[in-house]
Amino acid sequence: MPALVEIGGKRRFELKDRTTIGRHPLSEVCLTDGMVSLCHAEVRRAANGKYVLVDVGSRHGTYLGSKRVTEAQLAHGDEVLVGPVRLRFEDAPAAPPPAADNEVARLRAMVDLSRAIGVEHDLQRLAERILDTAFQILPADRGAIMLCSPQTRRAFLTVARQRGGGTADVVFSTSIVSEVMSRKAGLITSQADVDSRFSRSESIIGQGIRSVMYVPLLYQDDLLGLMHLDSMAAVNVFAPRDLELFSAIGSQAAMAVQNALLVKQVQDVVAEEKKRLERVLESLPVGVMLLDADRNVELANAWAQERMHLLQPRPQPAGARFGTMDFERGAVAAADIHVGEPRRTFSVTSNAFSDAGETVVVIRDVTDEREREAKSAHKERLALIGQLAGGVAHDFNNLLMIILNYAGFVEATVEDADVRGDVAQIRQAAQRAAELTRQLLAFSRREAVKPRVVEVARVVEGMEKMLRRALGQHIQLATRLAPDVPRVLVDPAKLEQVVLNLAVNARDAMPDGGKLVVEADAVTLDDAAARAEGLAPGRYAVLRVIDTGAGMPPEVVEHVFEPFFTTKDQGKGTGLGLAMVYGIVTQAGGGITVRSRPEHGTTFQVYLPETTRTADAELGQSLAAGGGRETILLAEDEEAVRRLTKRILAQAGYSVIDARSGPEALEAAARHAGPIDLLVTDLVMPGMSGRELTQRLTDARGGLPVVYISGYFGENVPGTLPMSFLPKPFTREGLLARVREALASARAAR
């Protein structure tokens, strides 16, 4: 049946005796484009059975081919242009089906194209396969595909081929391309040289093209590009049915291109993520390696590659086996390995995947971290030992004080020379034991100290003669004192003891002679350096004692500051000298380090923080021991110590009110109607400390002088009241002198 068929579309309009064409909804051929008039044209059947095209007053005209007409008879295959819409008049019997072999070839080509959609994602190869498919189905000499961005419509890929597989030099017509892109519809001509639509396309005419087809590549109304087929051999190579087939190829090609673009986008994202991951891996401050099932190195970042010579015993080619660690599949393992000289420590963590047989290994250089951990653990161990030693010394001091003073009582009352000699031996032994407890207290940082502003260089300079005598003539002594050593806050007697103990320790390490250097210098520690030494950032005075002795192995250095640890023969050392040095330095807020190797000598380095305090005035001389008539409140929880202290004070003429705890002392003070001139209290008592007792009595009675007694000196002694401190064990003379000193200071302050 005669009909008008939309070129590049799917609509078919069968013709009646009179068929209206226009934009009006009631038109038989309804075209909604704005260039089409409401009543644009009609197709009328004449008396001879032929169909006539009649323009009925359209604004933009009606065209038959390239000619504007008002009335023209239609023939089969004529192309009618109504506005921008192209229609083809069909009035011929249906064409016989193609030969079976041609149809099979075309179906096979379409199947091949369908397969390409699913498997080919490279745009260049995909375009070539699409063109090869078109050559199998359509009688073209050359073909081309131009792909463009849907947003900008700028071409990014052009592929042109000849029938037979060679490349072709196809120049696209800018005007035709613009028309196909704007209309999103196919275009065909079998006589390009006389077709008015191609009159402005110099590229096509210039190439000698006679027949040409263009179809857009549309995916869900997005323009992905266009396809071009042409022939230079003869006119009328392409028929309207070829354009329909070419459009079908274009639809499948658009789907294939869209899939390829999506795959490319995914590949680009994956590639970018891979590059980003590589950048992250390369910038990590740790090593990352991937091992295969045989533990061969498949991948290693730059950090690991730079240290591969340390991680493996000798240079090996890429892919060499890594180490001797056992990486159990499906498990996470971690270990430290120690390599190189100087020794480095690497933490190796592996995660073996049982399914892939691969192992991810992460390597960190933890040398500094392990050293800090070892220093911290060493300090904690020393602190625990010090806490234990301090507690033992506290209890032992109470016993020693009783032994010393009661031995003194006996010595004062007996006249037998042999008995007095025995008592003297008891007192001497107790005094030696008291000296040991003082060293323990110094190590545990619980010894009473009198810190003052001190110049380290002057202390060393003042000790030089004494050091030479202590070292002997077989050891050469040298001092190097910088002019700008900062002042520090430390007990000067304790600082001298530090220098002397370190010098004597160095002397014992050089029995055959050597050289000892004592240096005093200044250093400023930043955050990193201070953290490495376990100190606060700031300026420090540095005291170095360097010897050329036998040195020490690492296992000895690790325990060198622990009390009672010694490498000397039995009876030649107590093992408390360096422990006491450690306690004195840390109590002053500083730190001490030691570096030593066998046959390379030893260096002790003491850090003491700079102080901003001004120099202290010299303290006056202590008063001589004596008695008095004042009233003293005594608080001591240890029964034997309390009885002894009360006896000494009472024999000296004082009136003593004794209590065994802080609350009991408060009750006794409340019951006492007269004045209380002095409080003598233990610093540490159960239930209420000596400090709290002092505060409570001060609130009740006003300013009250205090003498604290204790087996160790903590950090809780108040410094705002007139007070004095008497460490245990004390003698009768020491107690009475300290009491007179406290009473005299209180009177002077009134």
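Rules and cut-offs
Residues numbered from 1 in each chain as written. Predicted model: local features only at pLDDT ≥ 70, side-chain atom pairs only at ≥ 80, totals over all residues. Heavy atoms only, no water. Pairing = 2+ DSSP bridges. Helix = DSSP H or I, 4+ residues; strand = E, 2+ residues; numbered from the N terminus. Patch = residues over 30% accessible without salt bridge, like charges linked within 9 Å, V, L, I, M, F, W, Y side chains within 5 Å. Areas by Shrake-Rupley, 256 points an atom, 1.4 Å probe, with all protein chains shown as cover. Salt bridge = Lys/Arg side-chain N within 4 Å of Asp/Glu carboxyl O. Buried < 20%, exposed > 50% of the residue type's maximum accessible area, 1.4 Å probe, protein only. Phe/Tyr/Trp six-rings, centres within 6.5 Å; stacked < 30°, edge-to-face > 60°. Lys NZ or Arg CZ within 6 Å of the ring centre and 35° of its normal.

1. Notes on the sheet that holds strand β4 (residues 29-30)
- On the basis of which strands lie adjacent, the open sheet formed by 5 strands has the order β4-β3-β5-β6-β9 and mixed pairing. Single-partner strands in this sheet number two, and they are β4 and β9 (71-73).

2. Digging into a nonpolar patch on the surface
- Together, F396, L399, I403 and I426 make up an exposed nonpolar region whose accessible area comes to about 340 Å².
- In terms of residues, the nonpolar patch owes the most to one element, helix α8 (residues 367-413), which gives 3 residues.
- Tracing the chain through its elements places I403 in helix α8.
- Residue I403 is classed as partly exposed on the basis of its relative accessible area of 38%.

3. Observations concerning helix α14 (residues 577-587)
- Most of α14 sits out of view: 9 of its 11 residues are buried.
- Of all the positions in α14, only L578, A579, M580, V581, Y582, G583, I584, V585 and T586 are classed as buried.
- Positive backbone phi, at 85°, marks G589, one or two positions downstream of α14.

4. A word on the pattern of salt bridges
- All chains considered together, the criterion is met by 37 salt bridges.
- Note that R86 and E79 form a salt bridge whose closest N and O atoms lie 2.8 Å from each other.
- Classification of R86 by relative accessible area gives buried; the value is 7%.
- The residue R125 makes a salt bridge to D122 at a minimum N-O spacing of 4.0 Å.
- Judged by relative accessible area, which is 45%, R125 ranks as partly exposed.
- Three or more residues are tied together by salt bridges with common partners; here these are E639, R642, R643, K646 and D658.

5. Some points on the packing of aromatic side chains
- Going through the model one piece at a time under the given rule, you end up with 6 aromatic pairs.
- Here Y540 and Y607 contribute two aromatic rings whose centre-to-centre distance is 6.2 Å and whose plane-to-plane angle is 90°, an arrangement assigned as edge-to-face. A residue pair is termed long-range when its members are at least 10 positions apart, and Y540 in strand β26 (residues 538-547) and Y607 in strand β28 (residues 602-609) qualify at 67 residues.
- Overall, the relative accessible area of 4% leaves Y540 in the buried class.
- Ring geometry for F561 and F604: centres 6.2 Å apart, planes at 70°, overall edge-to-face. Linking F561 in the loop between α13 (554-557) and α14 with F604 in strand β28, this pair joins segments that are 43 residues apart in sequence.
- Residue class for F604 comes out buried when judged on its relative accessible area of 1%.
- Put simply, the rings of F561, Y582 and F604 pair up and form one aromatic cluster.
- Note that R307 overlies the ring of W303, its terminal NZ or CZ placed 4.0 Å from the centroid.
- Here R647 stacks its cationic end above the ring of F409, 4.0 Å away from the centre of that ring.

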